[in-house]
Every structure is written in structure tokens, then in C-alpha cells.
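Chain residues, written in single-letter form:
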Amino acid sequence: MTLLAVRDLTVRFGRRRLVAVDSISFDLGPRQRLGIIGESGSGKTVTALALMGLLPETAQVSGSIQLAGRELVGLPDSAIARLRGDLMSMVFQEPMTALDPTMRVGRQVAEVLLLHAGRSGGPARAQVIEMLHRVGLSDSERVADSYPHQLSGGQRQRCLLAMALINSPDLVICDEPTTALDVTVQAKVLRLLDEVLTAESAACVFISHDLAVVSQVCSDVLVMLDGRIVEAGPVARLFTAPEHPYTRGLVATSRIDEVPPGARLPTVEDFFPREQAR
């Protein structure tokens, strides 16, 4: 079965029709974890926003995005809005900009339930408290009654994760969700994400510039460069036998202590074979 089918997705901006994403195609099955990696400007975040229907009006989108058999390209925003937070959800990179600073966290998480599940205030709060606890916030009632600025970066990111998962969506899109966190908190959030995705049986598209981070959550990965997919395959294969020169560079800069078991890190000879050196 295919949950998400992307075909020839192209995104252009402005009068000059500058191409940000250039005719990419991929599939995602139920419960599958797919990473998309690449440097800044490679098109990975634009791809995520296109999947969620969150691109600005200046964007020109062509191709096909089918989610559970439903075409999203060309769908009115009101119709896509009914899918966001229900069938699909997103965890953003910076929680301080993704969360409303004037609203208590518990109310923000509850709004997803109120909009999509029709829950009333009492049952919604109970479910919010339970979800905040599930994402690793032991003092969940205090967190629910707090404003974003009263929480740490790791706590805020867990709140975004709770918001994304509370309606048990089929697809969760994560756009560099741990970039703003220190290494220790990052590792905890990644482990938590893995556990909650498994518990919720949710598929995931995980955006990052770091192959080592993606390897902790995903089994497969797409490598993007200049808006195109230049390589795709299982994470373990990309670590052990990257084919594209750009992928080799990403592997070489990945953190050694986070390489999957059994994977072989590239050596200098992988990039400059002895035959070329002569």
C-alpha cells in the first residue's frame, strides 16, 4: 500500500518562475520513515511545505501529491486545512515561532482536538495532559498551564510533538525538529519521536541536513541538491556505499559515533582512489 505518492512535483516562485523543487517523485508507505536530507536551499523544506499545503501564494505548484488516494495539488486551502492536524501534521524547526507566545501550551494542543475531533473542553484537557505525558513531560499539568517562554527548548519541542500526534495522524512531517536543541536534548527528542511514531503507527517524512540524525529515525532517505533528488535508498546503504559525490560528502561529515551498526565510514581513498592519485 502507498500512503503518500508524489509524482513530478515542481515548485516555482515569482515572476521569473525560479525553480525551488524540480520534478521530484517518491512514495511513502504506511508506518514508513523517510528522511530527506540536503544543504540549505536544496528544496527539502519547500517540499515539506508543499506536502502540507503551506506554501505562499507566490508559489506555483505542478505535478501530483496524493495522500491516501486524495489529490492535494490544486485542492482549495479550506479542504487542505481539514486534513492538516488530522490526516497529516507537521513538527516545525523552531518551537518559539511555531507556538503562540500569548496562549498557554495546553490550550494550543487542545485546539487541534477542538477543531478536528469535536472534543469539549473537559475531555480535551484530559487528553492533552495524557499526550504531554506520553511525549516525556512528566509534569504535564504544569506544562499545559505554562506559556511557551516559561518552558525550555526541549520542552517546547515536545509540546509541538504532542500537538502533531494528538489526533493520531497517518503522516507526520518533521522539518529539522532538533536543530535548535543541544546534542543531549536532541538525542532524547529523537528517541522519543521514534517511540511515539511506533506507538501511533504513523508514517514520517523527516527533513534534515544531517544524515546521522536521519539515521536515528528513518530507514530510507532521499538526498536533495538544487531542488532535485540525486540519490535515494536505505540509510545503511548510503552510509556504506554512497554513489553520488554530494552524498559522499554528507556521509563524510556525519558524526562517527552515530553511524548505524555495521556501516563503514568512507576513507580518503573513497573520494580519491589510488588510480586517480597516480
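This is a predicted model, so every value here is computed, not measured. What you see as residue numbers is a count from 1 along each chain, following the sequence as written. Reporting of local features is limited, given that this is a predicted model, to residues whose pLDDT is at least 70; pairs of side-chain atoms are given and counted only at 80 or more, and all residues count toward the totals for whole chains, interfaces and linings. The basis for every side-chain value is the complete set of non-hydrogen atoms in the structure, without hydrogens or water.

A.B. asks: Please clarify how the overall build of the protein chain should be interpreted in this entry.
C.D. replies: A count of helices and strands for the protein chain gives 13 helices and ten strands. Looking at the 278 residues of the protein chain, the share that counts as buried comes to 47%. Contacts in the protein chain between residues at least 24 apart in sequence constitute 65% of all its contacts with a sequence separation of at least 6. Secondary structure elements are defined from DSSP: runs of H or I of at least 4 residues count as helices, runs of E of at least 2 residues count as strands, and each element is numbered from the N terminus. Throughout this description, buried means an accessible area under 20% of the type-specific maximum (1.4 Å probe, protein chains only), exposed means over 50%, and partly exposed covers the range between. The contact definition used throughout considers only heavy atoms, calling two residues in contact when any of these lie within 4.5 Å.

A.B. asks: Could you clarify how one ought to interpret helix H8 (residues 183-200) in this entry?
C.D. replies: A turn of α-helix holds 3.6 residues, and therefore any two residues three or four places apart point the same way. Its 18 residues place the ends of H8 26 Å apart at the C-alpha level, agreeing with the 26 Å of an ideal helix rising 1.5 Å per residue. Of the residues making up H8, those classed as buried are Gln186, Val189, Leu190, Leu192, Leu193, Val196, Leu197 and Glu200. Viewed along the axis of H8, the buried residues span an arc of 170°, placing them on a single side of the element. Exposed and facing more than 90 degrees away from the buried side of H8 are Val183, Thr184, Glu195, Thr198 and Ala199. For the purposes of these results, a polar contact is taken to be a pair of N or O atoms within 3.5 Å, where, inside protein, one atom must be able to donate a hydrogen and its partner to accept one; residues adjacent in sequence count only when each atom of the pair is a side-chain atom. Of the residues that open H8, the one with a side-chain oxygen 3.1 Å from the backbone nitrogen of Thr184 is Asp182. In the stretch just after H8, Ser201 is the one whose phi turns positive, near 55°. The span one expects for a helix is its residue count, reduced by one, times 1.5 Å. Note that the arc is defined by the directions from the helix axis to the C-beta atoms.

A.B. asks: Can you help me understand the confidence of the model for the protein chain in this one?
C.D. replies: As a note on interpretation, predicted positions should not be read in detail where pLDDT is low. As a per-residue measure, pLDDT tells how confident the predictor is, with possible values from 0 to 100. Of all residues in the protein chain, 89% have pLDDT values of 70 or greater, and the mean over the chain is 87. Note on residues 259-278: pLDDT under 50 across the span, and 23 contacts to partners over four residues away in sequence or across chains.

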